[in-house]
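# Overview (structure and organization)
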Amino acid sequence: MKELYIKQKVLSLSGKFTVKNQQENDVYFVEGSFMQIPKTFSIMNTSRDEVALITKKMFSFLPKFFVEVNGREVLTIKKEWSFLKARYSIDAAGIEVHGNWWDMNFQVLEHGEVVGNVNKEWFTWGDSYKVQILKEEMETIIIALVIAIDCVKADEAASSSASV
């Protein structure tokens, strides 16, 4: 089992942050586009090669986010029509999320087998998540999924505050 930690910097306009291992070494670099349409987040390895890309689809009736890993679309997160509370669904072939993913406490399953656990770290400055990788070949997909969910949450918070 491998543990990784995602800690976003509060007030980072460009959305730059790193994913670290238990020894606090950088494993992935994440850079968000600033003032660019469509909004994207690029996830790069230590060689600065892009291994995943998260893109918010523009000009759709309800928000939709696409996640590509190694140039292949692996999942989509989309808002569903709801009157009372924001509802989102995750569409991915063979990948499921069980638990409270809106509060960032969930398991990632591949074909019914648990391949990762995600838990929000409380009492930290900014959003911090502990990600346990149980199946090494799923690492990049799990990291991209966590960052995509965080993007969805930030987008929802921004649209809620704009409508007040």
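Criteria and thresholds
- Residues numbered from 1 in each chain as written.
- Predicted model: local features only at pLDDT ≥ 70, side-chain atom pairs only at ≥ 80, totals over all residues.
- Heavy atoms only, no water.
- Phe/Tyr/Trp six-rings, centres within 6.5 Å; stacked < 30°, edge-to-face > 60°.
- Lys NZ or Arg CZ within 6 Å of the ring centre and 35° of its normal.
- Helix = DSSP H or I, 4+ residues; strand = E, 2+ residues; numbered from the N terminus.
- Buried < 20%, exposed > 50% of the residue type's maximum accessible area, 1.4 Å probe, protein only.
- Polar contact = N/O pair within 3.5 Å; in protein donor to acceptor, adjacent residues only side chain to side chain.
- Contact = heavy atoms within 4.5 Å.
- Core = buried A, V, L, I, M, F, W, Y, C linked by side-chain atoms within 4.5 Å.
- Salt bridge = Lys/Arg side-chain N within 4 Å of Asp/Glu carboxyl O.

Throughout the structure, instances matching the rule amount to zero aromatic pairs. One Lys or Arg, Arg48, reaches over the ring of Phe29 and ends 3.8 Å from the middle of that ring.

A positive phi is found at Glu24, a non-glycine position, where the angle reads about 65°. Within the fold, Glu24 resides in the loop between β2 (17-21) and β3 (26-32). One non-glycine residue, Arg48, adopts positive backbone phi at about 65°. Judged by its relative accessible area of 44%, Arg48 is partly exposed.

Let us now look at the side chain of Thr18. Among the secondary structure elements, Thr18 is positioned in strand β2. Among the polar contacts made by the side chain of Thr18, one reaches the side chain of Asp26 at a distance of 3.4 Å. Those residues within four positions of Thr18 in sequence are excluded, and the remaining contacts are Tyr5, Ile6, Lys7, Asp26, Tyr28 and Phe29.

Let's shift gears to the environment of Lys153. Position of Lys153 relative to the elements: it lies in helix α1 (residues 139-162). We classify Lys153 as buried; its relative accessible area is 18%. With 49 residues separating them in the primary sequence, Lys153 and Met104 have C-alpha atoms 10.0 Å apart. Residue contacts for Lys153: discarding those within four places in its chain leaves Trp102, Met104 and Tyr129.

By size, the foremost hydrophobic cluster in this structure holds 42 residues, and its most contacted members are Ile6, Ile43, Ile77, Phe106 and Ile147. With eleven residues, α1 is the single largest residue contributor to this core. The contact partners of Ile6, leaving out residues within four places of it in the chain, are Phe17, Thr18, Val19, Asp127, Ser128, Tyr129, Val131, Ile143, Val146 and Ile147.

The next subject is the pattern of salt bridges. In total, this model carries five salt bridges according to the counting rule given. In this structure, Glu110 and Lys135 form a salt bridge, with 2.6 Å as the shortest nitrogen-oxygen distance. Here Glu110, found in strand β10 (residues 105-110), pairs with Lys135, found in the loop between β12 (128-133) and α1; they are 25 residues apart in sequence, far enough to count as distant. Residue classification places Glu110 among the buried residues on the basis of a relative accessible area of 18%.

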